[in-house]
Each structure stands twice: as structure tokens, then as C-alpha cells.
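Each chain is listed here by its residues.
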Amino acid sequence: MENKKYGFSTRQIHVGKMKNSAGALCDPIYQTSTFIFDTVEQGGGRFAGTEPGYVYSRPANPSTNTVEAKVASLENGEEAMAAASGMGAITACLYCSVVAGDEIVADETLYGCTFAFLSKEITQLDVKVSFVNLNDENALKAALTDKTKVVYFETPCNPTMKLIDIEKVATATHAFNPDIKVIVDNTFCSPYLQRPLDLGADVVVHSATKYINGHGDVIAGFVVGKKEFIDKVRGIGIVHMTGAVMSPFNAFLISRGLKTLSIRMDRHCENAMKLAKYLEAHPAVEKVYYPGLESFEGYEIAKKQMDNFGGMLSIELKADKATTAKTINKLKLCTIAVSLGDAETLVEHAASMTHSTYSAEELAAAGIPEGLVRISVGLEDIEDIIADFEQAFADLA
Ligand SMILES: Cc1ncc(COP(=O)(O)O)c(C=O)c1O
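All values derive from a computational prediction rather than experimental measurement.

Q: Give me the pairing of strand β5 (residues 181–185): which residues, what numbers.
A: For β5, the buried fraction is high: five of the five residues fall into the buried class. Burial along β5 is two-sided: Lys-181, Ile-183 and Asp-185 facing one way and Val-182 and Val-184 facing the other are all buried. Pairing of strand β4 (residues 148–154) with β5, which is carried by five bridges, proceeds in the parallel orientation. Paired with Tyr-152 across the strands is Ile-183, a residue of β5. The handedness of the β4 to β5 crossover, carried by helix α7 (residues 166–176), is right-handed. As paired elements, β5 and strand β6 (residues 203–207) share three bridges and run parallel to each other. What sits directly across from Asp-185, in β6, is Val-205.

Q: Describe the site of the ligand, with residues and values.
A: Contacts to the ligand come from 14 residues, most closely from Ser-85, Gly-86, Tyr-111, Ser-207 and Thr-209. Here the shell around the ligand is composed, by residue class, of four nonpolar, eight polar and two charged.

Q: Outline the sheet that holds strand β9 (residues 312–317), listing residues and values.
A: Spatially, the five strands line up as an open sheet ordered β8-β9-β12-β11-β10, and their pairing is mixed. Two strands bound the open sheet, and with one partner strand each, they are β8 (285–289) and β10 (335–336). Judged from the two bridges that link them, β10 and strand β11 (residues 346–349) form a sheet pairing that is parallel. Bridge pairing in β11 places Thr-335 opposite Leu-346. Most of the contacts of helix α13 (residues 321–328) go to β11, to which it runs at about 160°, and overall it touches β9, β10, β11 and β12 (373–376).

Q: Lay out the confidence of the model for the protein in plain terms, naming residues and giving numbers.
A: A low pLDDT score tells you not to read the predicted coordinates there in detail. Averaged over every residue, the pLDDT of the protein is 96; residues scoring 70 or more account for 99%. Within the protein, the lowest mean pLDDT, 91, falls on helix α14 (residues 360–365), and the highest, 99, falls on β5.

Q: Now, about unusual backbone geometry: what can you tell me, with residues and values included?
A: In the segment running from Thr-155 into Pro-156, the intervening peptide bond is cis, with an omega of -10°. Between Asn-158 and Pro-159 the backbone carries a cis peptide bond, its omega angle lying at 10°. Its location among the elements puts Pro-159 in the loop between β4 and α7. Phi is positive for Met-161, which is not a glycine, with a value near 65°. In this fold, Met-161 is placed in the loop between β4 and α7. Residue Met-161 is classed as buried on the basis of its 26 C-beta neighbours within 10 Å. Positive phi is not limited to glycine here, since Ser-190 has a value of about 70°. Position of Ser-190 among the secondary structure elements: in helix α8 (residues 190–193). Given 27 C-beta atoms within a 10 Å radius, Ser-190 is considered buried.

The rules behind the values
Residues numbered from 1 in each chain as written. Predicted model: local features only at pLDDT ≥ 70, side-chain atom pairs only at ≥ 80, totals over all residues. Buried ≥ 20, exposed ≤ 12 C-beta atoms within 10 Å, placed from the backbone. Helix = DSSP H or I, 4+ residues; strand = E, 2+ residues; numbered from the N terminus. Pairing = 2+ DSSP bridges. Right-handed = clockwise from strand over helix to strand, strands pointing away. Near = placed C-beta within 6 Å. Nonpolar A, V, L, I, M, F, W, Y, C, P; charged D, E, K, R; others polar. Contact = placed C-beta atoms within 7 Å. Axes fitted to C-alpha atoms, helices over the stretch in contact; angles between N-to-C directions. pLDDT = per-residue confidence, 0-100.

Dropping the structure here:
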């Protein structure tokens, strides 16, 4: 299917579809570890890349290739590589971007395990990582050196919804050195709301566990970018280093989930805006962190680079940590759980859960308040979601 001719919703359904012998509407699940060769010579040719066809499902499988084609198209990228998890995608991508002696510049506010990987793990391989506020152009310029190979960030950031201007960071970084890879984690937006490659980024990474799959039944990730780089991440990062490949069954589930990405995201955004406005007006709420509120610091950046404001928001209550926990425990419909982007509304306390890899000092430096509660607004009726918060907050107001 030609890529650019069709709209987003058409591509999320049709791109990557394969012809199959039974004529099934839905692609079969190629649940196989290996592929048959007619002869030893054919096998050798496939290994060498001189013969077409599949070899073994760690490097490539038809089910994963289908979903990779979809995600590459939706992100307006040349190619995509599927991984077993968001962290599988992020680590394979970063391992292929640096060697000992190189440097990475990253924003201070990141998903907890990404922060742990950058601050505690990759540093053991003699890779230096500087954490700066990437909205401060002078701080970015001061952190870039001749050894910098990667500038890495999320926007909106997990869990504060801090917005980072993708175009500004990419322009400043590439003006310093066009070979530095600007890598953006686009998990919170999905390609329906934001396409970092169109704004000057070189690589996009995803936890497809979230909106891309959208149904809370899969752990998965993607890396999207230029063919040459994706070939390297696939051929070395996944095949030789992490081995973190997506299973054919998960690829099938994600292909299925992707068919409804645009309509799911529309409803996530609509519900989140209504909940954000309700919470902003609630006397027990100190602050609402939502890109779509005019009162939010990142509002102008959100308007510039996102097509809508997303389904994620965070709040601080006018209460101490213990009272905040007690209040959240009273929710009946909304579920206390990490992860996000599912049909169910999920609520979590960042400092205790997703960001427990940050020390108290690191939380302060990243601007993550101790009492921050993150909400992934689901697809339930918004009146029911609001009523649940109303009853949980009853003793606070
Ligand atoms: C922004 C972001 N990036 C990456 C990840 C890691 O993804 P996974 O859990 O699929 O490994 C997460 C997980 O919550 C996340 O929120």
C-alpha cells in the first residue's frame, strides 16, 4: 500500500497487510521460531542476504514485519523495528548509538527505568550522561561536546507532562553537530497526536505497551527512523545484544489494537480535557498538570507540536503524602496501577511506583513533586470517572 496517499486512520488499518494463501481478512499469526529452506544453498543465501525470504524469528518474522510497516508509516519514518518492550526498544537503540567514551545529553525528567538505565547502567560502559533541562537552550548548548552522540527526551515527560519543544531542541543540536541523534520517546502522544520526525528528530522510540496497543494486554516497543539506523538496531541491537524481539502473537495484538488508534486517542483526549477542567476547579486540588490547560507551563509548546492534548494528566492535592495515598485508595472505578494508555482509567503515585528509581534529590531536580498522582484517563463514560474522583475527594473539600 502506498504510504503517503492515504490518511492516518486508513493507514493504521491497511498498511502492512500481507497476501495469505487462505485469503483471510486478518493477517495470520506466524507463530514460528524458524523457517524452512529447500536446500542448504538457499539457507546460506538467505543468511547472506542474497536470497529473499525469512531465516529465523529473532531477526525477522512476517507478523512483526506487518506491525513495523504500520508504525513506520504512522510516524512518517522510513522504517520501524519492533521490540519486546519499550525498554527493549530504548536500550537496543541506545546501545547502537554510542561506544565507550561517547556522551549522551538527556532531559532531567524521564520514565523511571529510562532514567535508571541512563544514570546507573550505560554509565558503566564508560558512556557519560548529562541530565539538563532541555527547555533551557543555554543549558543544552553548554552540555553538548565533541563526544556527544545522542540527545534524548520524552515529551510530554513522564510523569509531570513537561513539554519540550522538539523543533527547537533538534535545530539547536543539529546546528552544533548534524550527526548527533535526537531521539524522542513519543509514548505519551502516540503518532496520532505528535510526529517528532516531522519536527526534526532523527529517531522515535515507543513503549507500545501503552496507546499503540491500547488494550493493556501486551508489553512491546518500537524504534522508528532512517532505514540505515533501523537496520543497525535490528541487526545488532536486537539480534546480537538484547535479543528483546517482539513475539508474533504480540505483533498480531498490536496490529489489531492499531486499527482503532485514532478513535481511541480522540476519546482519551476528550475525557482527559473534561477531567482536567473538573480537577482544576476542585478546591482539594493544588495543581493540575495537563498540556491542554491554558494555566499549564507547556501549553504553548503543546499547541505548537501536538494535534490534541493527550490522555495523560497529573495532579497534586492540597494534602500530605499519607492523605494523598488514603484518598487515591478510595477510588472505586478508577484502578490503581502503573502503565497507561489503556481503556481503563489508571491512577498511580509516581514517587512510590513508576519513579521509585529516582532518589529524593533526583525527584526534586526533575521537578517531580513527592505527592504527584498520575492519571491515565481511560475510555469509560467521563461522568462516571468524574463521579469516582468526586466520592474519593469528599473528605478533603
Ligand atoms: C514514557 C515511557 N517510555 C518507556 C517506557 C517503558 O516501556 P515498557 O514498559 O514497555 O518497557 C514507559 C513505561 O511506562 C514509559 O512510560
